[in-house]
Amino acid sequence: MTGMIQVRIHGRGGQGAITAAEVLATAAFKDGKYAQAFGKFGPERRGAPVESYVRISEEPISIMQHVYDPDIVVVLEPGLMDVIDVRAGMKGDKVILNTDTPCEGCVNIDANCIAMDAIGKAIVNTAMLGALIKVTGIATVDSVAEAIMERFPGPVGEKNVAAMKKTYEAVQ
Amino acid sequence: MTGMIQVRIHGRGGQGAITAAEVLATAAFKDGKYAQAFGKFGPERRGAPVESYVRISEEPISIMQHVYDPDIVVVLEPGLMDVIDVRAGMKGDKVILNTDTPCEGCVNIDANCIAMDAIGKAIVNTAMLGALIKVTGIATVDSVAEAIMERFPGPVGEKNVAAMKKTYEAVQ
Amino acid sequence: MSDILAPGHTACAGCGEIIGERVVLEAIGKNVVVCQATGCMEITTTSFPTTAWKVPWIHVTFENASAVASGVAEALAQQGKKATVVAIGGDGGMMDIGFQALSGAMERGHNILHVITDNEAYMNTGIQRSSGTPKYASTTTSPAGSVLPGKGEWKKDILMVCAAHHIPYAATASVGYLDDLKAKVKKAMEYEGPKVIQVLTPCVPGWGTDPSKTVSLAKSAVETGIWPLYEIEHGKVKITHKTKELRPPEEYLTGQKRFKHLKPEHIAAIGEHAKANYERLLSLETSSLQLF
Amino acid sequence: MSDILAPGHTACAGCGEIIGERVVLEAIGKNVVVCQATGCMEITTTSFPTTAWKVPWIHVTFENASAVASGVAEALAQQGKKATVVAIGGDGGMMDIGFQALSGAMERGHNILHVITDNEAYMNTGIQRSSGTPKYASTTTSPAGSVLPGKGEWKKDILMVCAAHHIPYAATASVGYLDDLKAKVKKAMEYEGPKVIQVLTPCVPGWGTDPSKTVSLAKSAVETGIWPLYEIEHGKVKITHKTKELRPPEEYLTGQKRFKHLKPEHIAAIGEHAKANYERLLSLETSSLQLF
Amino acid sequence: MPNQIIEGSQAVAKMVRLCKPKVLAMYPITPSTHIPETLAQMKANGELDGTIIRVESEFSALSACIGASSTGVRAYTATSSQGLALMHELLFATAGMRLPIVINVVNRALSAPLNIFNDHQDSMSERDSGWIQLYAGTNQEAVDMTVQAFRIAEECLLPVMVCMDGFYLSHTYEVVDVPDDIKGFLPDYQPEHCYLDPNKPMTIGTWAMPEPYMKLRKELNDAAEKSVGTIQKVHDDYAKAFGRGYGDGLIEVTGEGSTAIVSIGSVCQNIEAVAKEKGMQLVRVRCFRPFPRQQLIGALKGKKSIIVIEKNAALGLGGGAMFHELRSALKGSDAKIACYVVGLGGVDVTLDYLRKVADSADSLGDGEVRWQNE
Amino acid sequence: MPNQIIEGSQAVAKMVRLCKPKVLAMYPITPSTHIPETLAQMKANGELDGTIIRVESEFSALSACIGASSTGVRAYTATSSQGLALMHELLFATAGMRLPIVINVVNRALSAPLNIFNDHQDSMSERDSGWIQLYAGTNQEAVDMTVQAFRIAEECLLPVMVCMDGFYLSHTYEVVDVPDDIKGFLPDYQPEHCYLDPNKPMTIGTWAMPEPYMKLRKELNDAAEKSVGTIQKVHDDYAKAFGRGYGDGLIEVTGEGSTAIVSIGSVCQNIEAVAKEKGMQLVRVRCFRPFPRQQLIGALKGKKSIIVIEKNAALGLGGGAMFHELRSALKGSDAKIACYVVGLGGVDVTLDYLRKVADSADSLGDGEVRWQNE
Amino acid sequence: MTGGTVKDVGSTTKNKTGTWRSERPIVDAEKCKRCGICVQHCPEPCITLDPHAVIDYDFCKGCLICKAVCPFDAITSKGERLCQTK
Amino acid sequence: MTGGTVKDVGSTTKNKTGTWRSERPIVDAEKCKRCGICVQHCPEPCITLDPHAVIDYDFCKGCLICKAVCPFDAITSKGERLCQTK
Ligand SMILES: Cc1ncc(C[n+]2csc(CCOP(=O)(O)OP(=O)(O)O)c2C)c(N)n1
Ligand SMILES: Cc1ncc(C[n+]2csc(CCOP(=O)(O)OP(=O)(O)O)c2C)c(N)n1
Ligand code: SF4
Ligand code: SF4
Ligand code: SF4
Ligand code: SF4
Ligand code: SF4
Ligand code: SF4
Ligand SMILES: [Mg+2]
Ligand SMILES: [Mg+2]
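Scoring rules and cut-offs
Residues numbered from 1 in each chain as written. Chains lettered and ligands numbered in written order. Predicted model: local features only at pLDDT ≥ 70, side-chain atom pairs only at ≥ 80, totals over all residues. Heavy atoms only, no water. Pairing = 2+ DSSP bridges. Helix = DSSP H or I, 4+ residues; strand = E, 2+ residues; numbered from the N terminus. Contact = heavy atoms within 4.5 Å. Axes fitted to C-alpha atoms, helices over the stretch in contact; angles between N-to-C directions. Least-squares fit on C-alpha atoms with pLDDT ≥ 70 in both. 1 Å grid on protein atoms, 1.4 Å probe; cavity = no way out; pocket = protein on both sides within 12 Å on 5 of 7 lines; lining within 4 Å. Points joined across faces, edges and corners; volume = space filled by probe spheres on them. Nonpolar A, V, L, I, M, F, W, Y, C, P; charged D, E, K, R; others polar. Near = heavy atom within 4 Å. Polar contact = N/O pair within 3.5 Å; in protein donor to acceptor, adjacent residues only side chain to side chain. Areas by Shrake-Rupley, 256 points an atom, 1.4 Å probe, with all protein chains shown as cover. Phe/Tyr/Trp six-rings, centres within 6.5 Å; stacked < 30°, edge-to-face > 60°. Buried < 20%, exposed > 50% of the residue type's maximum accessible area, 1.4 Å probe, protein only.

Novice: Sorry, what's going on with the sheet that holds strand β4 (residues 113–118) of chain C here?
Specialist: Across the sheet, 9 strands lie side by side as β8(C)-β7(C)-β5(C)-β6(C)-β4(C)-β3(C)-β1(C)-β2(C)-β9(E); this open sheet has mixed pairing. The two strands at the open ends of the sheet, each matched to only one other strand, are β8 (236–239) of chain C together with β9 (203–204) of chain E. Of the pairings in the sheet, the one linking strand β1 (residues 32–36) of chain C to strand β2 (residues 57–59) of chain C comprises 3 bridges and is parallel in character. Across the sheet, the residue bridging to Q36(C) is H59(C), located in β2(C). Running at roughly 170° to strand β3 (residues 84–90) of chain C, helix α3 (residues 65–78) of chain C makes contact with β1, β2, β3 and β4 of chain C of the sheet.

Novice: Where do I start with the relation of the copies chain F and chain E in this structure?
Specialist: In this structure, two copies of a chain are linked by a rotation about an axis accompanied by a shift along it. Between chain F and chain E, the superposition needs a rotation of 180° and an axial shift of 0.0 Å, giving an RMSD of 0.0 Å. On the angle and the small slide along the axis, the relation comes out as a two-fold axis. Taken as a fraction of all interface residues of chain F, those also at the interface in chain E reach 100%, which identifies the copy contact as same-surface.

Novice: Please clarify how empty space enclosed by the protein should be interpreted in this entry.
Specialist: A probe as big as a water molecule, rolled over the atoms, marks out the empty space that is left. Overall, the coordinates contain 17 cavities of 30 Å³ or more when judged by the stated rule. In this structure, the largest cavity occupies an estimated 400 Å³ of space. Along the walls of the largest cavity sit 34 residues, with T38(C), G39(C), F62(C), N124(C) and T125(C) positioned nearest its centre. Elements with a contribution of two residues or more to the lining of the largest cavity: α2 (40–43) and α4 (91–96) of chain C together with α4 (81–86) of chain F. Of the residues that constitute the lining of the largest cavity, the class distribution is 15 nonpolar, 13 polar and 6 charged. Taken as a whole, the second largest cavity spans an internal volume of roughly 250 Å³. In terms of lining, the second largest cavity is formed by 18 residues, of which the most central are I97(C), Q100(C), I97(D), Q100(D) and F59(F).

Novice: What am I meant to see in the site of ligand 2 here?
Specialist: Ligand 2 sits among 23 residues. The nearest are E17(D), D91(D), G93(D), N124(D) and E58(E). Each of chains D, E and F places residues near ligand 2. A distance of 2.6 Å separates an oxygen atom of ligand 2 from a polar atom in the side chain of E17(D). Contact distances for ligand 2 include 3.0 Å between an oxygen atom and a backbone N or O atom of M123(D). Protein chains shield 99% of the accessible area of ligand 2, which is 590 Å² for the free molecule. Of the residues belonging to the shell around ligand 2, the class tally is 9 nonpolar, 9 polar and 5 charged.

Novice: Teacher, can you tell me more about the packing of aromatic side chains here?
Specialist: Each aromatic ring pair is specified by the distance between its two centres and by the angle formed by the two planes. Applying the stated criterion to the full structure yields 34 aromatic pairs over all chains. Considering the side-chain rings of F292(C) and F292(D), the 6.3 Å spacing of their centres and the 15° angle between planes classify their relative orientation as stacked. With F292(C) in the segment after α11 (264–287) and F292(D) in the segment after α11 (264–287), this pair bridges two chains. For the pair formed by F292(C) and F292(D), the shared burial category is buried. An aromatic cluster is built from F62(C), Y122(C) and Y27(F), whose rings are joined through pairwise contacts.

This is the structure:
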């Protein structure tokens, strides 16, 4: 992996898409890389489709624009596939999708179930990071785990780490 | 009388120096002249020394500055002579002073007494106009009387007109 | 479908405020002009070039709903048009930054119904403390932390403050009691002059609750005495929903994320405060005294 | 000579407001910081590079005396300095344009004494109508004319409005009763938190009266019941100057140019309103109810 | 000879009455106060149709006007200085909402220190707001501009400030012509985009995502730039109907000379006299927003030296705001352009002083800024 | 590698804590809100010394800061857009009173229509107020500027706005260095002219007649102009102490070329990349008030073509405010100077779009203005 | 459109907020007594009485307030996406 | 003086407002009981008790409040300028 990697995460208000982006960026930072995470901010309420972005690079990042041409796309909910063109502008071809009904051309992972098991709620934002790093290698499991624990110290973090690791393992 | 005549009136807040200026300007207007009246405005309260100005001319007036070089000065109260340099910048030499103790070099008139008689109060602003026009001829008694009546319709105006006329007669 | 508000707006699932605002306006009917302060209700309903509203509706800024309404009311009167003029805003827009506009409009006596949709914080900007935030509630600018237990002050008694302007009618209401709310709106409309209605409208992310709980929470606030339903007509207090025995405050507080950090002593303090307040209102009612 | 205020200021001869402001500050003493709203008191005392004040004093704008005081109070507290912080302004500065700042400061609970020197109009700008102007008074923006008899609305009941903020102490006072005023200031200083004192301060040009009448008018306002002296301590009303029989309103109204145009029916209405108001206060006092 | 002698404020108030605003919001502030006072007296005497709202602050004054204007009626207010400053947020909103509200701004210095006298800092610092800004040179012009303002506002759907100098104009009692009847000139306002009415519901004052926002801003910008033509047309129509015109409606050029003085407001009366004495040209800016760039370039073509005299200070930029805008417009030109900052907080800009300014023309460097009290 | 990855707002809040303001007034408005929220959380956790006042409006926020600052302590607030606009009257007062208050302005578009996204209209329209205005290009710079601002403010006795782009900076989580200790750099504030204290009574906030008023304005103007030196010195000291500098502290020049792009704010990150590609020079304005006239003249000497890219519109003037000020400064120059108005209301100013802008250089006429959404 | 005014009232119906839903409320037509309580309380509002309570799934965001307030338990719900392992 | 601050407190005494006066209050030292009431009420304030009420005519504006409030009629007044015909 060389150059800058750009990730776009699709989710809904309240699902933690921005938190996921920030956790991923933190992990990359822990791996010694430069990183940037931000949302396509808007006055969106819970439930409304939202996007967040991550850039990771060996070099300092100095771009200030939305991610229009992601290398990787993460979709936190399958329903979004109908509403949003998640592949818009994609340079890469990796769409990592949380779903129970596999979708052609995506890396499918049923993160809801994993999260229900591990966290007790269908909160998949951190869980999906496991799949993401497995598929792309843009951060290590350890650094993501550390980043999660920093963000959610204590048992909440531990459960999220568990979910993330499970997803990491579950994805092919 | 040719060119522009400039008058400065010294009084105290509440004594009606600005009203006097406006009445005089109105009279001149009635006489077919251009005129301008205004005060040296400030946050002055009753009792504090104030100034007002009148310009009268056959031609339209387009000057926007205080009157620094008056042709005529009117002083509504003798006490001001001690506090203010009423002759400051004077081009002419006519200082018309309301006083009971004549002052050298002034046209002295005891307007208080006249006003007490005519109006019942020592309000001398309009009364002093009688002296002013007698000495300078810059407006006619009739036009000043009319201007007073416009400003103070009814008995109040009539009393003021009476005072003005008396002053007109009293002054040499 | 509602005559007043179309769906497709972007309020959160389970938003209490949009229930309150719509029900108030439905009680008034279509012969209305709505003057809205900035806040969730504006942002979620009027993204140019769309609008959810089916009645005449204007928004200018955060701080001036009641002042805009003053202009609207007098302009309509000048044109001989008769319509109910409503100034409406959140607790922030009416109790804080727009309170002077409200006070001024009341003082001048314009014929306006002023409505506070009170979700007890600045929700549109992400749950900050307002004067309407209850004591001890955690918000992003009055967060609970290791040394502070959330907001430090009791909620502003805006209804009494408004009633003290000697207006003919002021009332609290709750989206837990829509019939009471509608009746109050109708009553308010019978009075000429300024009227104020303050409606409790739970907020899903702001309070940290399940969307389906919005209405039951709004009921529980009343049952615990934390949100007494009462009205002040021409200066006289009347409690419109009496409770023999107030329910314990936990029933309301537990399950709300904004109160998650409360210690028993905080809960007790809230309970006592609610009780004292309720009893004060009861005694004012009993006295039948005209306060203002 | 006063420790607080030097002569040489430019208030009108006979100004009631400057009596009120000085006496309040003398009652407090020199350990004070004064936060003044724009108005006659600012303009007549602080023409750069001179000042009449001998105590720390700040003016910023017309609308923010109480907000400035909030910053002052907290900054002094941070420095461990103990001093009485006073926010002071006219009826315009405190009841109208600066009322939100006052309300906000009360709500936040800063330890401030808020003083309204009420001369019942915007005097500094030449006698315009404020919410403190009495009904029927003629001002330059609510003039009496051939179809309108002066101001159309009753005076804003700012004291009740303030007290409804659940502050520990609020009181009216008058420069006709300086001992009562001083006692109230002293009492207010004993309370932590927000306190409000509203002092009637007649204005010579604004009311159209003789300068020597300033104090007797301020008495007569009380004796006619038009300006009742009372206080609200922790929500309970107490009349501090009782009058068996209210004097007829004419005694107060006649001789004031702002009321010169009044017809008998206006005078009667004023008298009735004063009486009803006084009786309302009496009954509130008698009830010993805690209103807020 | 004009038909009356009257205070500037009162003359303007008489014109306002003729314009028949339905809602007038008022809050006192020196030196604008005589306008609302005069209108209030008319109301008390049954001589004014509109409703006066005696608001509790200038923020509410403009808010009430916005509310009223949004119902499709004419709305008006007057203010000065701190009052205008308090409206700042709403000024942008009014223009953005395209509401044809008219304000008489009676110019006064801004605090701190507090000062009640004339300069132009108050309105100059609102020059980005999207309001049309007209500056009167005389009371006659203030009266004429006020009615023109309503027509311009309604034709352009832009709010208009009619700026007149505090005290110098507002409080000067002088000879002015106030028309008896302006009906033919100012038609009824026919609202097209804003009329809150239960029979024709609409939503006013929406929010917008970036693209629609910038589109609406562009429309506003274009409307502001296009208003140049309307301002001239309305001015010309008025000149035709009432026999009084002022230059081309945007700028007024008097005299001749290789040195031009560019200025604004009532001080131009004194400047005109001095320029005449000194053989200089006066270019008086009557319309400051939209900025009459083309007209100024035309008028100042071939000048050797230009002195901008203005009553505002662009702090930290140097000189006044107009100075820099003019320099920008004349970037290509060889003229030496310098600036005098004068009259802040009401310092009297006298004929004597202006003579010194004129005499200094040769000694001024390009870009040089001098202050009257230096 | 900087020492942490953190959201821009939080990084700034951490720096604010280090600066130890005694009073922090707060009122929420997107996108500035994360700063007060972070500070409030610090307070709740016992990690912040100062007192937070949760005011009921931005007018009171700045009022409370003024009150606090007048007692001689450091006072701070943060705001955006409508909030800054509501402070307008007080901004002038603060500067006039010479109070060294620091505000983080998180830039956002002004209403109407309402919009929460980034542009610079809010702070640009306060450019006359006498405040020093610094604009950050990155979050690192926002952090560094915030501490510099306190020192500049206190040395110059002028209030300072540290402007940072809403969302682009405030809400971007990225790699930033926040110093642990700034004690050596920022000494305690030693008030000389304002300290409300019963033991040393003074009167603050007087009013003034014309002559003293204009004298105080001149002093303020001179202080604003002189602050150029202080801003540079403080910048240099910081660079020495912490190893991070930005050009000469007023402007930052990168790259080479006969065409220069002049811009401001975080969009300069993208512009820098494009300018490099296209062989152009970027002149980033870091300090907009005082306007770095001399520095800009120096940096732009000999350019053939200058493109000003800015996120504000001077309605009715054409283009942005900086464009005209730059043209005024460069009046003598032969360079062609044109303007792009971009990014209003948060329209993303992308690398692709900026390439088009760069490619248009030859086709632009002197004085030409184009809008991104034209 | 001048100045951001919108005359097309109720036009947010272009925005199908039904896509936000993760829980689906289901009306049992039999049990529904047409009391209208759910209609009143629905935040969208997207329930009509026609003849019994009918939910417009184009807009329903799935808050389940209707289910909570129905006095006759006439509304049930199920997840829009069920977790297959459960 | 930076920013218009004034440290010379009480400096308005440079401004001799006694010149505003048209009526002059006169204390009758005999009658004065030194109750201080006039001192309290004087707007300037320019009366001291030293030993009885003493008016500083440099500042007294002649409002005659002192005369009105004195419970012992110890203060009289006369016009600063009497009208000779009266
Ligand atoms: C002058 C100003 N300050 C701040 C804001 C930002 N703002 C917009 S809405 C809002 C909060 C609204 O709170 P509230 O009135 O309670 O309504 P809610 O969103 O809770 O419905 C804030 C702080 C603004 N728009 N204008
Ligand atoms: C924002 C603003 N609006 C208006 C003014 C003008 N103004 C200054 S003082 C004042 C009236 C003051 O009235 P009040 O508060 O009653 O005090 P008083 O002068 O009567 O003592 C007014 C209208 C101002 N300074 N600032
Ligand atoms: S944040 Fe709260 S008030 Fe705002 S839309 Fe969501 S639920 Fe409603
Ligand atoms: S106008 Fe009234 S309040 Fe103002 S100084 Fe004069 S008497 Fe006092
Ligand atoms: S779930 Fe909520 S949105 Fe859907 S119909 Fe029920 S109440 Fe309405
Ligand atoms: S609340 Fe229940 S019974 Fe009533 S209409 Fe709705 S579904 Fe039917
Ligand atoms: S009020 Fe009379 S008795 Fe009392 S001190 Fe004054 S002059 Fe003497
Ligand atoms: S007349 Fe008035 S100013 Fe003079 S001493 Fe008596 S009370 Fe004081
Ligand atoms: Mg709210
Ligand atoms: Mg007053």
